[in-house]
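Spelled out from the first residue to the last, the chains are:
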Amino acid sequence: MAYISCSSAVANNASKFLNSHNQFNSVAKIFTSSNYRSCFNVRPINFDAAKNSIDVKYFQFRWSSRRGLAGGGCNQSLTTVFNSLSSNNGVPASEERVVVLVIGGGGREHAICYALHRSPSCDAVFCAPGNCGISNSGDATCISELDISDSSAVIAFCREWGVGLVVVGPEAPLVAGLANDLVKAGIPTFGPSSEAAALEGSKDFMKRLCDKYGIPTAKYQSFTDPSAAKAYIKEQGAPTVVKADGLAAGKGVVVAMTLEEAYEAVDSMLVRSIFGSAGGRVVIEEYLEGEEASFFAIVDGENAIGLESAQDHKRVGDGDTGPNTGGMGAYSPAPVLTKELQSVVMESIIFPTVKGMAEEGCKFVGVLYAGLMIEKKSGLPKLIEYNVRFGDPECQVLMVRLESDLAQVLLAACKGELRGLSVEWSTDSAMVVVMASKGYPGSYEKGTVIQNLEEAEQVAPNVKVFHAGTALDSNGNFIATGGRVLGVTVKGKDLEEARDRAYQAVEQIKWPGGFYRRDIGWRALSKKQATKV
């Protein structure tokens, strides 16, 4: 009799997974494929409680410890693979079970994998390409060698491994048409078509849709000629906002407080082409004064369900100073978006957008991320921009608060079955503090060593460190490989507790090459303090 020693929780996951619902055959390929050199002759296995082990009498085991299953430069043990399998507790027999592939490899995708791993109806989670943090945590099995820009390769992988749902995280594959190809192949895909992804891929398209369907947004004009753009800016005055029309990795927006700053932004995009073709057209937009917030809705083409609110912190420095970034932290819920305002957002922004996209012949299926300004003078929301995927880092705080089965919610959207569905949330608050490489959003050093991540997750309850830009060096240390690297995410009974726990965890992490903002949540916390006075 042969055994693999492991924890009882891991063993129970593996045993329940492979023995229940006759589902083990498709995902057993994880252990049988010659591509992964793991094992063969898989049959149902049993957990021996006395030995705290898995009975592998019929597991003729082979394992390549250097390669493992993780990919992405990370070794992975069988224990980690079993951890990535859902424990399948409490799933109604009528509920569809599913194997999920998440496309992407950042902090947003780590958070999505984390939520799917907790989904009772999700049998296993793959992530391509994934990252070391995702695989090391056991939240998914990462497939680094899968070329996500090659639709045929993704489709072949889905068919080989019995994938029943693909969740596309980043915007670039959506704009490139990955969802189109997957849906055409009959694979349920959460994410819009390339035509619908133009809501994010072209700010000019989004603005024209707002004009046509009466969606409140800032006044604007679009230009390809720098002289004409500057003449309009001079006419409108400063402050103003200059935006690259296309995708610019979150860096294509300049809030210009003077005419000179606005002219320089126009020249950098239209003359010096710092964003390439993405900056070949610019949108000059009215400067709105107020408070920003993020609102998310799941859309099935015709129906939409509002999710919880969040508030991001775009500027790199404390007190909202310095250049814009992809986001240095977030919290949820955002007090500025009251229940009444959320209803206004759904009625005046989300529903007209869903209807307008359908009438334009490009139904939207996926998540609509509305960047909003709650205007100071009116107190009402205006649409600043749309993203066609979960925001990063807002996704992190939403996923730790989510209590519904994420796999089932996303499948319902893919099938056009959102009507009547409700999504349950924790009443707790959540906060994420982003740790970035020094120099970000400018140039920064790669390869700096990060330590004490496990200790950070143990300083307080409900701490989760999501990885956005990490790898392992030859000594097994985590190293930074990107600008935004970690998202230290915490739940608490209220925002103060979540903030305190988040910074306790951040302070445990030893990373001389990193930095973070020390005031995440300041707007909401200062308002709360003011009401107490």
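Our subject in this report is the structure included herewith.

Rules used throughout
Residues numbered from 1 in each chain as written. Predicted model: local features only at pLDDT ≥ 70, side-chain atom pairs only at ≥ 80, totals over all residues. Heavy atoms only, no water. Pairing = 2+ DSSP bridges. Helix = DSSP H or I, 4+ residues; strand = E, 2+ residues; numbered from the N terminus. Axes fitted to C-alpha atoms, helices over the stretch in contact; angles between N-to-C directions. Contact = heavy atoms within 4.5 Å. Buried < 20%, exposed > 50% of the residue type's maximum accessible area, 1.4 Å probe, protein only. Arc of directions from axis to C-beta. Core = buried A, V, L, I, M, F, W, Y, C linked by side-chain atoms within 4.5 Å.

1. Re the sheet that holds strand S11 (residues 220–223)
The strands making up a sheet are joined through hydrogen bonds of the backbone, oriented either antiparallel or parallel. Here 4 strands make up an open sheet; going across it, the order is S11-S14-S12-S13 and the pairing antiparallel. Single-partner strands in this sheet number two, and they are S11 and strand S13 (253–256). Pairs of neighbouring strands in the sheet enclose a mean axial angle of 20°, with direction left out of account. Helix-sheet contacts for helix H11 (residues 203–213) involve S11, strand S12 (240–244), S13 and strand S14 (282–286), and the interaxial angle to S11 is about 140°. Against the sheet, helix H13 (residues 259–271) contacts S11, S12, S13 and S14, and its axis sits at roughly 5° relative to S12.

2. Let's talk about helix H7 (residues 151–161)
All of the buried residues in H7 are Ser 151, Val 154, Ile 155, Phe 157, Cys 158 and Trp 161. Buried residues of H7, seen end-on, are gathered within an arc of 160° and therefore sit on one face of the element. Facing away from the buried side of H7 by over 90 degrees, the exposed positions are Ser 152 and Arg 159. A positive phi of about 65° marks Gly 162, the residue just after H7.

3. Quick look at the nonpolar core
Judged by nonpolar contacts, the single largest core of 54 residues is most densely connected at Leu 101, Val 163, Val 166, Leu 199, Ile 350, Leu 383 and Tyr 386. It is helix H14 (residues 339–359) that provides the largest number of residues to this core, a total of 7 residues. Setting aside residues no more than four positions away along its own chain, Val 166 makes contact with Leu 101, Ile 103, Cys 158, Leu 182, Ile 187, Pro 188, Thr 189 and Phe 190. Core analysis: the second largest hydrophobic core is formed by 46 residues, Tyr 369, Leu 406, Val 409 and Val 432 among them.

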